[in-house]
Protein chains: 2
Amino acid sequence: MEKFNVHILGCGSALPTSKHLPSAQVVNIREKLFLVDCGEGTQLQFRKARLKFSRLNHIFISHLHGDHCFGLIGLFSTLGLLGRTAPLHIYAHAQGERLLQPWIDYFCNGMKYEIVFHAIDPKQTTIIYEDKSLTVETIPLQHRVPTCGFLFREKPMPRHIIREMIDFYQVPTSQILRIKNGEDFITEEGKVVSHTLLTTPSAPPRAYAYCSDTAYLPSIVPQIQGIDLLYHEATFCAEDTARAKETMHTTAVQAGQIAAAAQVKKLLIGHFSARYENEDLLLKEAQAHFPETCLAHEQMTLSL
Amino acid sequence: MEKFNVHILGCGSALPTSKHLPSAQVVNIREKLFLVDCGEGTQLQFRKARLKFSRLNHIFISHLHGDHCFGLIGLFSTLGLLGRTAPLHIYAHAQGERLLQPWIDYFCNGMKYEIVFHAIDPKQTTIIYEDKSLTVETIPLQHRVPTCGFLFREKPMPRHIIREMIDFYQVPTSQILRIKNGEDFITEEGKVVSHTLLTTPSAPPRAYAYCSDTAYLPSIVPQIQGIDLLYHEATFCAEDTARAKETMHTTAVQAGQIAAAAQVKKLLIGHFSARYENEDLLLKEAQAHFPETCLAHEQMTLSL
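Residues numbered from 1 in each chain as written. Chains lettered and ligands numbered in written order. Predicted model: local features only at pLDDT ≥ 70, side-chain atom pairs only at ≥ 80, totals over all residues. Heavy atoms only, no water.

Turning next to the pattern of salt bridges. Tallied over the entire structure, the rule returns 20 salt bridges over all chains. A:K19 is paired through a salt bridge with A:E279; the nearest N and O atoms lie 3.1 Å apart. Residue A:K19 is located in the loop between β1 (4-10) and β2 (24-29), and its partner A:E279 is located in the loop between β16 (266-270) and α11 (280-287); the two are separated by 260 residues in the primary sequence. With a shortest N-O distance of 3.2 Å, B:D228 and B:K265 are connected by a salt bridge. Of this pair, B:D228 sits in the loop between β14 (207-211) and β15 (229-233) while B:K265 sits in the loop between α9 (252-262) and β16 (266-270), placing them 37 residues apart in sequence. B:K265 sits in the exposed class, given a relative accessible area of 51%. Within the structure, one salt-bridge network assembled from shared partners comprises A:R30, A:E154 and A:R206. (Salt bridge = Lys/Arg side-chain N within 4 Å of Asp/Glu carboxyl O. Helix = DSSP H or I, 4+ residues; strand = E, 2+ residues; numbered from the N terminus. Buried < 20%, exposed > 50% of the residue type's maximum accessible area, 1.4 Å probe, protein only.)

What follows is the structure in structure tokens.
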């Protein structure tokens, strides 16, 4: 199967600890790398993960809190020093460009590549990136500043031909693409041969959603229904539910409930508050509602 | 002796590696902490070093290249989250405030402490900080942007009284401070008792200089003459002297020559280019000119 990995670079919350770095992760789809959020230290984590900067062309920023974007300027600067020439696309709230541009002008002066900002409207679901095998769409979230999640969704792949059947029916090469895409074959004698006889189904398209930071928000459930992997913040445990509400974050229980309601295949929780020495309680609380939950940690890789 | 430590948080150059972080160090003088430069990741290194944020009130920025200041905004933000109320003083080129203020306004909104910028003129030697036991003065350096080093110099301490002699001559308490500061004692009978009979000398004042980044610059020698410890950049080895000149950096040989000319007690080299897998050659080249050289490394502490 084609590669579809999620690589965690940082899964702490705003206060960095000796254990967790601020938010950043890389989605690797067929060796195209997509960076989601970019807290301080992301470029170092990226290097430690032995990921290739040259494969990174798109960065998605969920919202403009420091723990999700303070690593951008250092990354921009390093890419410039490494001699990058390919444009780098940043998808963020419009304020991001307004804040970053003066720093880019000052600190990245003379750089040989272009940084292209794409303003996103976190309030509505929009496809903000598309290529031949993938779409990325925003997931409107609820937080103290405009925030959205991101849904990475593979496009359906063409079916696989059965070579023997193609030979048997003497299907001309010119017809094969159409048949892979689900059309039936009509012989010279006018006989209809179903495409299901000539091909096998391709793997079902996979999907990954990143939802951080957000208050408990059941309205996201329909959009993430049945996806393969959901990364959802679980900043607080049940005891701190009031604090979660006040700061517009989610508890582990609520993350588990969202995953259960959306019937996702797997839940990965992160964005842990610095107040918890270890996250076992968070894991237990989420698993009570959704057993297929695991804890994020730095330099973890999950395959979809 | 009162504490006078230098704690290295980062001693790499612009390109971070898995070994070195960008420039940052803490000078600890009697538990007052002074941060010198603040590359990306400084707040994490500070925490790892188990230094106390509450003891940090002054930050000196040598110049506005990213590897010396990208960690500031994350540090500001974290101090705000930790509930700091004491003002934080930043000494940097005026452009630093112009760049940082919009980010502070946006990201540190609602913070309970004040960030006070002090514009420094890197072109001339000026005392930019002073308290009862210490001065910090700028050392004009030569780099691609306005840059200065910093010289931390203890003030001479009062002499120590010899209790037995004070009792013997029945020196009144009111006179003791004057005698500790070097005045002689005159008895009621008019007899002069030299202060050297009544006191022993205090430890000689110590001094530490931070010089990074700079082209080879012998003009700094008189200012740092005889100091206890010199941190000097040694970005390149002798083979790369042309590259050093072009980028306005110093080679290890040149750092050794500066230390020898200034007759400092000890030289600590840092700001190593990412091109060297290990820095033994840099050490050897510097030691050929100045044997009392050592290599900086992250989380190293040196006592003066």
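What follows covers the environment of B:K19. Residues and elements named next belong to chain B. Overall, the relative accessible area of 43% leaves K19 in the partly exposed class. Counting along the chain gives 259 residues from K19 to N278, while the straight-line C-alpha distance between them is 9.5 Å. Filtering out sequence-adjacent residues up to four positions away, K19 remains in contact with E277, N278, E279 and E298. There is a polar contact of 3.5 Å between the side chain of K19 and the backbone oxygen of E277. (Contact = heavy atoms within 4.5 Å. Polar contact = N/O pair within 3.5 Å; in protein donor to acceptor, adjacent residues only side chain to side chain.)

Okay, the confidence of the model for chain A next. Taken over all residues, the pLDDT of chain A has a mean of 96, while the share at 70 or more is 100%. Confidence estimates for the predicted assembly give a pTM of 0.92 and an ipTM of 0.91. (pLDDT = per-residue confidence, 0-100.)

Residues and elements named next belong to chain A. A complete count under the given rule lists 0 disulfides over all chains for this structure. The closest cysteine sulfur to the non-disulfide-bonded C148 is located on C211, 9.6 Å from its own sulfur. Among the residues examined, C148 registers a relative accessible area of 0% and is labelled buried. Cysteine C237 remains unbridged, with the sulfur of C11 as its closest cysteine sulfur at 17 Å. (Disulfide = S-S within 2.5 Å.)

This part is about the packing of aromatic side chains. This structure, assessed with the given rule, holds 29 aromatic pairs over all chains. A centroid spacing of 4.7 Å and a plane angle of 25° characterise the contact between B:F60 and B:Y91, whose relative ring orientation is stacked. Of this pair, B:F60 sits in strand β4 (residues 56-60) while B:Y91 sits in strand β5 (residues 88-92), and the two are 31 residues apart along the sequence. Taken as a pair, B:F60 and B:Y91 share a single burial class, namely buried. Through successive ring pairs, a cluster of aromatic residues spans A:F70, A:W103, A:Y106, A:F107, B:F70, B:W103, B:Y106 and B:F107. (Phe/Tyr/Trp six-rings, centres within 6.5 Å; stacked < 30°, edge-to-face > 60°.)

The next subject is the sheet that holds strand β2 (residues 24-29) of chain B. Residue and element names in this part refer to chain B. Judged by pairing direction, the sheet is mixed, and its 7 strands sit side by side in the order β6-β5-β4-β3-β2-β1-β18 without closing on themselves. Among the strands making up the open sheet, the edge pair consists of β6 (115-119) and β18 (301-303). Mean inter-strand twist for the sheet, computed between neighbouring axes without regard to direction, equals 20°. Where β5 and β6 come together, 5 bridges link them in parallel fashion. (Pairing = 2+ DSSP bridges. Axes fitted to C-alpha atoms, helices over the stretch in contact; angles between N-to-C directions.)

Counting 67 residues, the largest nonpolar core has A:F76 and B:F76 as its most contacted members. Those residues in contact with B:F76, other than ones at most four positions away along the chain, are B:L88, B:I90, B:L100, B:I104, B:C108, B:M111, B:Y113 and B:I115. (Core = buried A, V, L, I, M, F, W, Y, C linked by side-chain atoms within 4.5 Å.)

Residues and elements named next belong to chain B. In terms of burial, strand β9 (residues 148-154) is a largely internal element, 6 of the 7 residues being buried. Bridge count between strand β8 (residues 134-140) and β9: 7 bridges; the pairing is antiparallel. Directly across from V136, in β9, lies its bridge partner F152. Both β9 and β14 contribute to a ladder of 4 bridges, which runs antiparallel.

Okay, the sheet that holds strand β7 (residues 127-131) of chain B next. Residue and element names in this part refer to chain B. The sheet built from 7 strands is open, its strands ordered β7-β8-β9-β14-β15-β16-β17 with mixed pairing. Of all the strands in the sheet, the pair left with one neighbour each is β7 and β17 (293-295). Neighbour-to-neighbour, the strand axes of this sheet turn through a mean angle of 15°, independent of strand direction. Sheet analysis places β7 next to β8, joined by 4 bridges and oriented antiparallel. Paired with I127 across the strands is E137, a residue of β8. Where α9 meets the sheet, its contacts fall on β15 and β16, and the angle it forms with β15 comes to roughly 155°. The sheet contacts of helix α10 (residues 280-289) involve β16 and β17, and relative to β17 the element is tilted by about 170°.

Bringing the interface of chain A and chain B into the picture now. The partner chain B presents 30 residues to the 31 residues of chain A that form the contact. Each partner contributes to the roughly 2800 Å² buried at the junction of chain A and chain B, and carbon and sulfur atoms together form 74% of this total. In terms of surface lost to chain B, no three residues of chain A exceed A:E40, A:F70 and A:W103, which account for 26% of the buried area on that side. Across the contact surface, chain A and chain B share 0 salt bridges. Linking chain A with chain B are 8 residue pairs in polar contact (both at pLDDT 80 or more), by the criterion used here. Here the side of chain A that touches chain B gets 7 residues from one element, more than from any other, and that element is helix α4 (residues 94-107) of chain A. (Buried area = accessible area lost by both parts, 1.4 Å probe.)

For the pair chain A and chain B, the relating rotation is 180°, the translation along its axis is 0.1 Å, and the fit reaches an RMSD of 0.1 Å. The relationship between the two copies is best expressed as a two-fold rotation axis. Within chain A, the C-alpha atom positioned nearest to the axis of rotation is that of A:G41, 2.8 Å from it. An overlap of 97% is found between the interface residues of chain A and their copies at the interface of chain B, pointing to a shared contact surface. (Least-squares fit on C-alpha atoms with pLDDT ≥ 70 in both.)

Now for the packing of α9(B) against α10(B). All names here are of chain B. Contact geometry for α9 and α10: axes closest at 7 Å, N-to-C directions at 30°. Between α9 and α10, the angle is such that the two are roughly parallel. Here α9 and α10 pass one another in a crossing that is right-handed. The residues of α10 that touch α9, namely those facing A252, V253, G256, Q257 and A260, are L282, E285, A286 and H289. Considering only residue class, the contact of α9 with α10 consists of 5 nonpolar, 3 polar and 1 charged. (Parallel < 35°, antiparallel > 145°, perpendicular 65-115°, else oblique. Left-handed = near helix turned anticlockwise from the far one by under 90°. Nonpolar A, V, L, I, M, F, W, Y, C, P; charged D, E, K, R; others polar.)

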